[in-house]
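Fold and geometry: a report
What follows is each chain in one-letter form.
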Amino acid sequence: MNTSSNEPQSQPLTGFWYAALLSSDVRAGQMKAQTLAGLPLVICRDRQGRVAALRDICPHRAMPLSFGCFDGERIECSYHGWQFDTTGRCRDIPALVADSGVQPEKIGVTTYPARDRDGYVWVYVPDKQGVPAGLPDPPALPVLSKSYRTLHISVPLTSTIDNGLVGLIDPAHGPFVHRSPWWRSRATIREKSKTYEPLPLGFRMISHPASSNSSVYKLVGLSGGAPTVTIDFLLPNIRIETIQSGSQWFLSRTMITPISDTECRMDFCAAWDCLRWLPFSKTLLRLFGRAFLNQDTTVMGRQAIGLRHDPPLMLVGDPDAPAKWYVKLKAAYLAVQQHGGALDHPLKGPVTLRWRT
Ligand code: FES
Ligand SMILES: [Fe+2]
């Protein structure tokens, strides 16, 4: 596995929706600059609350549009005042005289599909074919009941997308990185076996009893019986862990969002319909979640020091098998994008892995 940033393999996949920022980060009448998968974007929300994503580069002379102003309908470039509507069309070039013969509306900025869903503004990052005609919606949070609570936490990661994702699906760092009195300790390591099955664009650790050496499962305190856990990984960047106990459930969706070649963001969203007995559950979960994610941020920041030397990396044995599947699945997806045909999924059927965590 090579995660150096100039390898095509370490580029984020195109042809997918990515969470660009939190919906609450851009209110009606506001705009915000955000690089996503290397694309410079300005994301704005019009007066009606609709979001739009434009390339954050003025077609006149490349000034980032996000330095200009937005009145809820048009973005005005800060350099020469050209105005663009949220579809990217140029609506005014103030320096031109009335009979200049120039038609501003023939000039445009590239736009990308943008939608609000589950607390994020999602932006579709197209592949070479462009935006497909029947563009699907951004992936929904797979909640298990109508009423539930949510919380969002985002933390920066100094990492390529591939290394970030390998870190996300790696089971072996848990007892070392996420060591703490309220989570678990190294002394609780024991052998486990987990069965996986393929999903169309990912794989699933099938439902199994929650491990008794992780106190978070006890904290969730589901009262409907022994909780079970299912963990999905889905291209391009999603891990979903669902804990269920009778009708009570808690799920977390974590995404490694590609920002630039060397920077990602970990976007964590929890949703739950349980913990009714626990006062201030949202505040407590936020504290707990942030501390947990900061452990990943710290370890990846430290790993980046070693990665600067571009050493070869190893994926060894069963604990690293999901990471190997990710690398193969991504390569298979890229092969389909390039040459068409069926996806050569690395998992042909259920596989049981054994490890000590
Ligand atoms: S660079 Fe934007 S108006 Fe000139
Ligand atoms: Fe982690």
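Calculation criteria
Residues numbered from 1 in each chain as written. Chains lettered and ligands numbered in written order. Predicted model: local features only at pLDDT ≥ 70, side-chain atom pairs only at ≥ 80, totals over all residues. Helix = DSSP H or I, 4+ residues; strand = E, 2+ residues; numbered from the N terminus. Rg over C-alpha atoms; globule rule 2.2 N^0.38 Å. Buried ≥ 20, exposed ≤ 12 C-beta atoms within 10 Å, placed from the backbone. Contact = placed C-beta atoms within 7 Å. Pairing = 2+ DSSP bridges. Axes fitted to C-alpha atoms, helices over the stretch in contact; angles between N-to-C directions. Left-handed = near helix turned anticlockwise from the far one by under 90°. Nonpolar A, V, L, I, M, F, W, Y, C, P; charged D, E, K, R; others polar. pLDDT = per-residue confidence, 0-100. Core = buried A, V, L, I, M, F, W, Y, C linked by C-beta atoms within 7 Å. Domains from an automatic or database assignment. Expected span 1.5 Å × (residues − 1).

This brings us to the overall build of the protein chain. When helices and strands are counted, the protein chain shows five helices and 19 strands. By the compact-globule yardstick of 21 Å for 357 residues, the protein chain fits well, its C-alpha radius of gyration being 23 Å. Seen through its principal axes, the protein chain has C-alpha atoms that stretch 80 × 50 × 40 Å. When burial is assessed residue by residue, the protein chain has 32% of its 357 residues classed as buried. A fraction of 57% describes how many contacts in the protein chain between residues 6 or more apart in sequence connect residues 24 or more apart.

The subject of this paragraph is unusual backbone geometry. Cis geometry is found at the peptide bond from Leu235 to Pro236, where omega equals 5°. Relative to the elements of secondary structure, Pro236 occurs in the loop between strand E15 (228-234) and strand E16 (238-245). Phi at Ala62 is positive, roughly 70°, even though this residue is not glycine. Positionally, Ala62 belongs in the loop between strand E4 (51-55) and strand E5 (69-70). One non-glycine residue, Asp118, lies in positive phi territory at about 50°.

Below, the discussion takes up the pairing of strand E2 (residues 31-36). The side chains of a regular strand alternate between both faces of the sheet. Relative to strand E3 (residues 39-45), E2 runs antiparallel, the two sharing six bridges. By the bridge assignment for E3, Gln34 is matched with Leu41. As consecutive antiparallel partners, E2 and E3 are separated by two residues, and within that stretch Ala37 has a phi angle of approximately 50°, a positive value.

Packing of helix H1 (residues 161-169) against helix H5 (residues 321-339) leaves a shortest axis separation of 9 Å and a crossing angle of 145°. You can see that H1 and H5 cross each other, and the crossing is right-handed. Contacts between H1 and H5 involve Leu165, Val166 and Ile169 on the former and, on the latter, Pro322, Ala323 and Tyr326. Classifying every residue of the contact of H1 with H5 gives six nonpolar, no polar and no charged.

We now examine the confidence of the model for the protein chain. Averaged over the protein chain, the pLDDT score is 92; the fraction of residues at 70 or greater is 92%. Considering only residues more than four positions removed or in separate chains, one finds that residues 2-8, a stretch of pLDDT under 50, has 14 contacts.

Spatial strand order, E1-E11-E10: three strands in an open sheet with antiparallel pairing. Taken across any chain shown, the strands that pair with only one partner, and hence form the sheet edges, are strand E1 (16-22) and strand E10 (114-117). Along the sheet, successive strands turn relative to each other by an average axial angle of 35°, direction set aside.

Counted residue by residue, E4 has four buried out of five residues, so it is predominantly covered. In this structure, E3 lies alongside E4, joined through five bridges in antiparallel fashion. Looking at E4, one finds that Cys44 is bridged to Ala52. In sequence, E3 turns back onto E4 through a hairpin of five residues, with Gly49 there showing a positive phi of about 95°. The pairing of E4 with strand E9 (residues 111-112) spans two bridges and is classified as antiparallel.

Tyr18, Ala20, Leu41, Ile43, Val121 and Val123 are the most contacted members of the largest nonpolar core, which has 71 residues in total. It is strand E18 (residues 263-273) that contributes the most residues to this core, seven residues altogether. The residue makeup of this core includes at least three contributed by each of domain 1 (8-125) and domain 2 (149-356). Beyond its immediate stretch of four places on either side in the chain, Leu41 contacts Ala20, Gln34, Thr35, Leu36, Ala53, Leu54, Arg55, Asp56, Tyr112 and Val123.

For helix H4 (residues 281-307), with 27 residues, the first-to-last C-alpha span of 38 Å sits near the 39 Å given by 1.5 Å per residue. When H4 is considered as a whole, its buried residues turn out to be Leu285, Asp296 and Met300.

To continue, consider the environment of Leu235. As for its position among the elements, Leu235 is in the loop between E15 and E16. Between the alpha carbons of Leu235 and Thr35 there is a distance of 20 Å; along the sequence they are 200 residues apart. Not counting chain neighbours up to four residues away, the residues in contact with Leu235 comprise Leu13, Leu201, Gly202, Leu329, Lys330 and Tyr333.

The next point concerns the sheet that holds E5. Read across the open sheet, the four strands follow the order E5-E6-E7-E8; overall the sheet is antiparallel. Because the sheet does not close on itself, it has two edges, and the strands there are E5 and strand E8 (90-92).

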